[in-house]
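Below are the chains, spelled out letter by letter.
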Amino acid sequence: MSGREDWYDDSEYEALAADGERRAAAALKGMFAAVALTAAALIAAVVALIVWVFLALLERG
């Protein structure tokens with residue numbers, strides 16, 4: 001084995017890159033979960049507002 005082949009051992013960098021990819025995937029999952037929860041909360045708020053307005057109109061009319 002020549003010295004050049006020993007110098008070009010990048011397995012440690014590949015391991016670091018794989019770890020970074022795993023962390024990025026986990027962060028992306030967390031962001032998608034936060035967006036989904038926010039969207040669900042907004043939809044629930046809109047439905048509650050529609051029901052409230054409907055009940056107010058029924059009561060009035």
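Further up the page is the structure itself.
All of the points below concern the structure found in this document. (Residues numbered from 1 in each chain as written. Predicted model: local features only at pLDDT ≥ 70, side-chain atom pairs only at ≥ 80, totals over all residues. Heavy atoms only, no water.)

### A short note on the overall build of the chain
Logical step 1: When its secondary structure is counted, the chain shows 2 helices and 0 strands.
Logical step 2: Buried residues in the chain amount to 0% of all 61 residues.
Logical step 3: Accessible surface for the chain amounts to roughly 5,800 Å². Of this, 69% is attributable to carbon and sulfur atoms. (Helix = DSSP H or I, 4+ residues; strand = E, 2+ residues; numbered from the N terminus. Buried < 20%, exposed > 50% of the residue type's maximum accessible area, 1.4 Å probe, protein only. Areas by Shrake-Rupley, 256 points an atom, 1.4 Å probe, with all protein chains shown as cover.)

### A word on the pattern of salt bridges
Logical step 1: Going through the model one piece at a time under the given rule, you end up with 2 salt bridges.
Logical step 2: When the shortest N-O distance is used, the salt bridge between Arg22 and Asp19 registers 3.6 Å. Here Asp19 and Arg22 lie together in helix H2 (residues 11–60), a separation of 3 residues that amounts to about one turn.
Logical step 3: When the shortest N-O distance is used, the salt bridge between Arg23 and Asp19 registers 3.2 Å. Residue Arg23 and its partner Asp19 are both found in helix H2; the two are separated by 4 residues, about one turn of the helix.
Logical step 4: For Asp19, a relative accessible area of 27% gives the class partly exposed.
Logical step 5: The network of salt bridges with common partners includes Asp19, Arg22 and Arg23. (Salt bridge = Lys/Arg side-chain N within 4 Å of Asp/Glu carboxyl O.)

### What about a nonpolar patch on the surface?
Logical step 1: On the surface, a nonpolar cluster with roughly 600 Å² of combined accessible area is contributed by Ile43, Val47, Val51, Phe54, Leu55 and Leu58.
Logical step 2: Tracing the chain through its elements places Val47 in helix H2.
Logical step 3: Val47 sits in the partly exposed class, given a relative accessible area of 45%. (Patch = residues over 30% accessible without salt bridge, like charges linked within 9 Å, V, L, I, M, F, W, Y side chains within 5 Å.)

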